[in-house]
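# Structure at a glance
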Amino acid sequence: MARASTGDHVQQLRMSVFRGDASEGEMITYDVPVREGMVVLDAVLWVQANLAPDLAVRWNCKAAKCGSCSAEINGFPRLMCKSPVSDYGAELSVRPMRTFPIIRDLVTDVSWNYEVNKRIPKFTPSEKDAFDPQPWRMQQEDVDRITEFRKCIECFLCQDVCHVLRDHDRKDAFFGPRFMIRIAGLEMHPKDSLDRRPLLKNEAGVGMCNITKCCTEVCPEHIHITDNGIIPLKERVADLYFDPVRALGRRLRGGGREPDRGRSR
Amino acid sequence: MAEAPRETVETDVLVIGAGGAGMRGAVAAALSGARVTVICKSLLGKAHTVMAEGGMAAALGNVAHLDSWEAHFADTMKGGKLINNWRMAEIHAKEAPERVLELERWGAVFDRTRDGLIHQRPFGAHTYPRLAHIGDRTGLELIRSLQDVLVHTPAVDVHMEVTVASLLTSDGRVAGALAYARADGRLILYRARAILLATGGAGKIYRITSNSWESTGDGTGLAYEAGAQLQDMEFVQFHPTGMVWPPGVRGILVTEGVRGEGGLLRNKEGDRFMEKYDPERMELSARDVVARAINSEVLAGRGSPHGGAFLDITHRSPDFIKSKLPSMYEQFLKLAKVDITKEPMEVAPTIHYYMGGVRVDAETGATNVSGLFAAGEVASGLHGANRLGGNSLSDLLVFGKRAGEAAGAFAGAHGGSAPIDSRQLEQATERLLAPLRRPHGDSPYRLMSELQEVCTKYAPIIREEKGLREGLEKVLELGGRAQLCGTGGPNGRAFNPGWHTAQDLHGMLINAEALFRSAIERKESRGAHARSDYPRLDARWAELNLITEKTPDGMAVRAVENKPLPYELTEVISQSFKRYTPEEIS
Ligand code: SF4
Ligand code: SF4
Ligand code: FES
C-alpha cells in the first residue's frame, strides 16, 4: 500500500469515509483523482462537490488556523487540511472524532467543550491594574511563557485522544487537556489576579491526568500541553494542598482555609 | 404552502456574525443594557478573523514616538485614494489605540518593547511601525480575548452554526431574521428590535482567495434585499502575497508580516523589482501597488516557475524567522515542503478583502434601514479604494463597539420589535426550502464553481469594459440558473452542505452582480480598481462613491458625491505628507 511522501504521486486515491449519524453508519469508499499538494480535506471536498453533495464536514480556513476540520485519518486524530494525501499512499480512511457524539458523517457535537469553557473564570486583573491609568508594562519573557498556550486553535484533537475522555468518558470529572492549557494561560498571565487552583483540583480534575502525553503528540500547534501546562499546574495544586511547609506558612499568616474558587491571591 | 418556522427567539439586539466586529459589538450592546443574541455560521471562535496574521494598526507611538492619529489618518486616506469616508478614517485613527489597550485589559497578550510596552511592527504604507501584534497570529488572539469576555457576559446568548437566510422588515424598519440551524435544519425566526450585521466579506466569489468558506457575502446580500444601500462594491483587494504552489494550497495567505520583518521580493532574474514601481517604499508599498507589480512581472515573463514572485526572508536568522513568523514557517514546511529559513517562498496575488459593503453612518454604523447596523468588513467607507494592512483588526474593534452601542441604544429606545409581515416570512421560508424540493435541479457546487471562474476571469487585477460586461452577462445567467438549483443530491435537512451551498450562492450572486455593475461604472483606475481602458486616476471620480441598491427594475448603481474633507483634515494630510506624489494627491 503505502507509497509514502517520497515525492512520487499516486494518480488515484481510494478514500473511505464514515457516512451516517449517531444511530447508524458505514464506511463508504470513494475514488478521488489526486492533484499535487492535495490534502485530505481537498479530497473530502472533492467528494462532496462531485459524488456526495450531502457529505457533512466542518472546515473554515483550509490553512490549519481555525481548528475546524479535525477527524481521524487512518485512526490518527489530525487536521484534514494539514494532512497531505501523499503522506498516506493510495488508500486512507477518514472517521469523525470518536470522543464526541456524531451529528452526521464527519461532524461531531463538540458543544461540551464550550460548556466547559464557560466554567473557567475569565481573565481578571487586580483592581489596581484594572484602574491603572498608565498603559501596562510586561516583559517579553513573561509573555513568551503564555503565548504557547494561547496558540490553541480549539481543534479538540487533544480532547479526542485523551483516554480519560475517550475511553473512560469522564467528561463529568475532567475538563481535558485543552482546558488545562486554557487555565495555564490564565494562571501564568502576569496580570491575572485569580487563583484557579481549587477549580483545578476539584471541578476541572487535574488529578485525573496521568501524564501519558498523548495530547501533546496530536496537538497541531505543537503546544507542550503536558510538560509546560499540565505538570506545572499539578505542581501548583500540590503546593497549595499538600506542601506542609506552605500549609504552615498559611496558618502562620492566619489563612489556613482552602481559598474559595476565584478568590484573589 | 410553506411550513411555518418551528422556533421563535425574541431578543433586543441580534448580532449576525461572531468575528471581531460581531463579538465586540455584542459586548458593547450588552453593556448598554440590551439582551443580545449572537448567531454565527460556524462554531464560536472559528470566524475568518482568526486568520488575520500581521497585527492591529493603532497610533500608540510605542516604537515610533512621532506617530499620531493624524499620521494614521493620513496614511489611511492616502491608501484609500481619498475616497474613504473621512469621518470614519478620523474616528478609526483616534480611537484605535484606546481599543487596543482595552483589549489588553481583557486579557489579550501582545509582543513587548524593551520597556515592556506593546510592540509595534512596520507594515505596508504605514509611515511608522504601528501594528500591535503577537507573532503572526494576532487575529486569533483578538478572537480568543473577545470570546472570553463574550461567554462571560450574562446578557449574551450565542447560537452556533446557524445561518440567516433573510432579514424581515416592516415599514422600513428591521423586524427580525429567518434562519436555519445547520445541525438539524430546523428553522428559527428571530425577532429583534435592532440587528447588527457583522458577517465579513465575499472573497469566496473568486477561485483564488485567502478567505474561508464562510466569506460568501451574506451580510451585503441580506442588507441589499432588505433595502439597504451598498457602496464601493467595485473595490476588492488582492493581497499581493498568497501561496502559489502546490495547487492545493493556492491562495492561502502569506502574511504581510514577512515583508514587515524584512522579506524581499524578487523576480526570476533576481531583481528587486519593486524598485521600478515604488522605489521609496519598496516591498512595503500599498497592497494594490505590490499586487499589480507582481502581476506585471509575471505578464512580462519574469515570474517564478509557477507564475508568481519570490519572497525571500532567508537573510534573517532561522531563530528570528521561527519566533517572528512561526505559523508561516510551519505552513510552508507542512503544505509546500519549503523551509523558509533556507529557501524563498513563491507568492502571487490572492483575493483578500472587500473594501465595499453596506453603506453606513460613520458615527453609529447605522444603515438606511431603520434598526439595521453594520460593522467590520461587511460595512464600507473606512478603507476607500484600498485597505492598509493592519487597519482591519482595529476597524473591527472601533466600529464593532460603536455599532453595538448604537444598536443597543436603538433597542432601548424602541419598546418592542417591529411586527412580522407574515407574507414576507412565508416568501422567505419558501425560498429557503425550495432547493430541497428540486432533486433534479442544478448542483449548487457546480454553480458556485462557475461563478468563481467568472469573477476570476472577468474581474481580475486589471479590468476592462468588454470583459466586465461579459462577466456581468454570465453572472446574470448564473443567477437565473441558481433560482432553479437543487441541493445536488439527497434532500435531508440535517447537516446537508448541498442545501447550505444553495443558500450561500444567493448572497454570492448579489455580491458578484454588484461588483461587475460598479466596476463598469467607475471609468478610471483607483486603488484596487484598475482598468486597462482607463489607466489613470480621474480627479472627477475622487468626489464620487458608487451606490448599489435594489429597485423595482432590479439592481441599480448610481454615483453620489462624497462629503468634502473639512479644512482641518486637509491640512492634516498635507502636513503629514511632504512626500506626497502628484498621482496620490489627484
Ligand atoms: S497527558 Fe493527561 S491530559 Fe494528556 S492525554 Fe494523557 S491523561 Fe489526557
Ligand atoms: S491544545 Fe492543541 S490539540 Fe488541543 S485543542 Fe488546542 S490546538 Fe488542538
Ligand atoms: S480548516 Fe481550519 S484548521 Fe483545517
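Residues numbered from 1 in each chain as written. Chains lettered and ligands numbered in written order. Predicted model: local features only at pLDDT ≥ 70, side-chain atom pairs only at ≥ 80, totals over all residues. Heavy atoms only, no water.

## Considerations on the overall build of chain A
- When you go through chain A residue by residue, the secondary structure sums to eleven helices and seven strands.
- Counting only residues that meet the buried cut, chain A has 56% of its 265 residues in that class.
- Counting only contacts in chain A whose residues sit at least 6 apart along the sequence, the fraction spanning at least 24 positions is 63%.
- A total of about 11700 Å² of accessible surface is found on chain A, and carbon and sulfur atoms cover 50% of it. (Helix = DSSP H or I, 4+ residues; strand = E, 2+ residues; numbered from the N terminus. Buried < 20%, exposed > 50% of the residue type's maximum accessible area, 1.4 Å probe, protein only. Contact = heavy atoms within 4.5 Å. Areas by Shrake-Rupley, 256 points an atom, 1.4 Å probe, with all protein chains shown as cover.)

## With respect to helix α3 (residues 86-105) of chain B
All names here are of chain B.
- Between the first and last C-alpha of α3 there are 29 Å, a value that for 20 residues agrees with the 28 Å anticipated at 1.5 Å per step.
- Glu95 marks the point of greatest bend in α3, at about 45°, and the proline Pro97 comes within the next four residues.
- With 15 of 20 residues buried, α3 lies mostly within the body of the structure.
- Two or three places before Arg87, at the start of α3, stands the capping residue Asn85, its side-chain oxygen 3.1 Å from that residue's backbone nitrogen.
- In the stretch just after α3, Gly107 is the one whose phi turns positive, near 110°. (Expected span 1.5 Å × (residues − 1). Bend = angle between axes of the 7 residues up to and from the residue. Polar contact = N/O pair within 3.5 Å; in protein donor to acceptor, adjacent residues only side chain to side chain.)

## A word on the domain arrangement of chain B
Residues and elements named next belong to chain B.
- Entries for chain B in the domain assignment read domain 1 (7-236 + 353-413), domain 2 (240-350) and domain 3 (435-549).
- Distance between the C-alpha centres of domain 1 and domain 3: 23 Å.
- Taken residue by residue, the interface counts 41 residues in domain 1 and 38 residues in domain 3.
- When the two sides are added together, the surface that domain 1 and domain 3 hide from each other amounts to roughly 3400 Å², 56% of it contributed by carbon and sulfur.
- When the area that domain 1 buries against domain 3 is broken down by residue, the three leading residues are Ile205, Arg207 and Glu234, summing to 22%.
- The salt bridge involving Arg207 is made with Glu453; its shortest N-O contact spans 2.5 Å.
- There are 24 residue pairs in polar contact (both at pLDDT 80 or more) connecting domain 1 and domain 3.
- If you list the elements that add at least two residues to the side of domain 1 that touches domain 3, you get α5 (218-225) and β10 (230-231). (Domains from an automatic or database assignment. Buried area = accessible area lost by both parts, 1.4 Å probe. Salt bridge = Lys/Arg side-chain N within 4 Å of Asp/Glu carboxyl O.)

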